[in-house]
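# Geometric and topological summary
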Amino acid sequence: CVQTSRKDVMYFRVLYPGSHATLQVFLKKGESVLAESDAMVSMSEHVDIQGKMTGGVAAGLARSILTSESLFMQEMVALSGDDNEVMLSPASGLPGDIAIVEVSQGNMLLSEGAFLACEPTVQLGARSQGILRGALARTGIFAIEATGTGLLAFNGFGALHKYSLGPVRRIRRKKSMTHR
């Protein structure tokens with residue numbers, strides 16, 4: 001295990017980091033986790049799974065249509081016991097790493113398909129990046145916006161690298177080179 005994060009009693013941990021990472025979530029009775037549709041690999045016998053549309057019909061439809069995310073999410077709830085486990089893996093099936101962040105102040109934007117799981121206290125919606133920025137970055141005009149507070153797990157195709165950006169530091173990505 002390389003990456004761990006604790007908040008109160010819920011615990012997220014990345015197993016097998018790198019190209020085939022899996023997210024392990026520990027839940028106590030009454031706790032729940034939201035995950036992208038089809039992400040659940042396994043769960044303890046005392047965990048119940050349901051389909052859930054978060055944020056209401058309008059928000060769910062907007063998120064689904066604008067960001068290509070599923071209209072419904074999976075909600076896993078621990079019905080009893082204090083040692084329940086849920087294993088999650090990106091539904092895309094593409095090899096890649098998983099990162100865990102704490103959403104607290106402000107918001108976090110995720111590319112299409114990057115959302116994996118979060119605590120129910122994190123709200124997900126769609127946010128416009130602007131036509132020019134979305135077209136130039138080739139990530140789409142809309143991004144997934146995470147607000148609220150709590151743990152959020154996301155995945156990416158390939159390895160993930162963390163940058164700490166301040167008000168002065170900016171990171172530019174290398175422009176794509178095309179061969180003619």
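Residues numbered from 1 in each chain as written. Predicted model: local features only at pLDDT ≥ 70, side-chain atom pairs only at ≥ 80, totals over all residues. Heavy atoms only, no water.

For the chain, the helix and strand inventory stands at two helices and 14 strands. Across the 180 residues of the chain, 36% fall into the buried class. In the chain, once contacts between residues fewer than 6 apart in sequence are set aside, the share between residues at least 24 apart is 72%. Summed over its atoms, the accessible surface of the chain is roughly 10,800 Å², and 54% of this surface lies on carbon and sulfur atoms. (Helix = DSSP H or I, 4+ residues; strand = E, 2+ residues; numbered from the N terminus. Buried < 20%, exposed > 50% of the residue type's maximum accessible area, 1.4 Å probe, protein only. Contact = heavy atoms within 4.5 Å. Areas by Shrake-Rupley, 256 points an atom, 1.4 Å probe, with all protein chains shown as cover.)

This part takes up the sheet that holds strand β14 (residues 150-157). Whether parallel or antiparallel, the strands of a sheet pair through hydrogen bonds between backbone atoms. Within the open sheet, the six strands sit side by side as β6-β7-β4-β11-β14-β9. Their pairing is antiparallel. For this open sheet the edge positions go to β6 (47-52) and β9 (96-103), each flanked by a neighbour on one side alone. Between one strand axis and the next, the sheet turns by 20° as a mean value, whatever way the strands run. Pairing of strand β4 (residues 32-35) with strand β11 (residues 115-118), which is carried by two bridges, proceeds in the antiparallel orientation. Bridge pairing links Leu34 to Cys118 in β11. (Pairing = 2+ DSSP bridges. Axes fitted to C-alpha atoms, helices over the stretch in contact; angles between N-to-C directions.)

Turning our attention to the pairing of β9. Burial within β9 is extensive, with six of its eight residues counted as buried. Of the pairings in the sheet, the one linking β9 to β14 comprises seven bridges and is antiparallel in character. Across the sheet, residue Ile100 finds its bridge partner in β14, namely Ala153.

Glancing now at the side chain of Glu75. Within the element layout of this structure, Glu75 appears in strand β7 (residues 73-78). Sequence-distant contacts of Glu75, that is, excluding residues within four places in its chain, are made with Ser32, Val33, Leu34, Asp48, Ile49, Gln50 and Lys52.

Quick look at the packing of aromatic side chains now. If you walk through the whole model with that rule in mind, you get one aromatic pair. Seen from their ring centres, Tyr11 and Phe26 are 5.5 Å apart, and the 35° between their planes marks the pair as tilted. Of this pair, Tyr11 sits in strand β2 (residues 10-15) while Phe26 sits in strand β3 (residues 22-27), and the two are 15 residues apart along the sequence. Taking relative accessible area as the criterion, Tyr11 reaches 13% and is therefore assigned buried. Given the relative accessible area of 24%, Phe26 is considered partly exposed. (Phe/Tyr/Trp six-rings, centres within 6.5 Å; stacked < 30°, edge-to-face > 60°.)

Membership of the largest hydrophobic core comes to 21 residues, with the highest contact counts inside it found for Phe12, Leu23, Val25, Leu88, Leu116 and Ala117. Of all the secondary structure elements, the ones that give two or more residues to this core are β2, β3, β4, β7, β8 (84-88), β9, β11 and β14. The residues touching Val25, leaving out its near neighbours within four places in the chain, are Met10, Tyr11, Phe12, Val33, Asn84, Glu85, Val86 and Leu88. Among the nonpolar cores identified, the runner-up in size contains 14 residues, and Ala99, Phe115, Leu124 and Ala146 belong to it. (Core = buried A, V, L, I, M, F, W, Y, C linked by side-chain atoms within 4.5 Å.)

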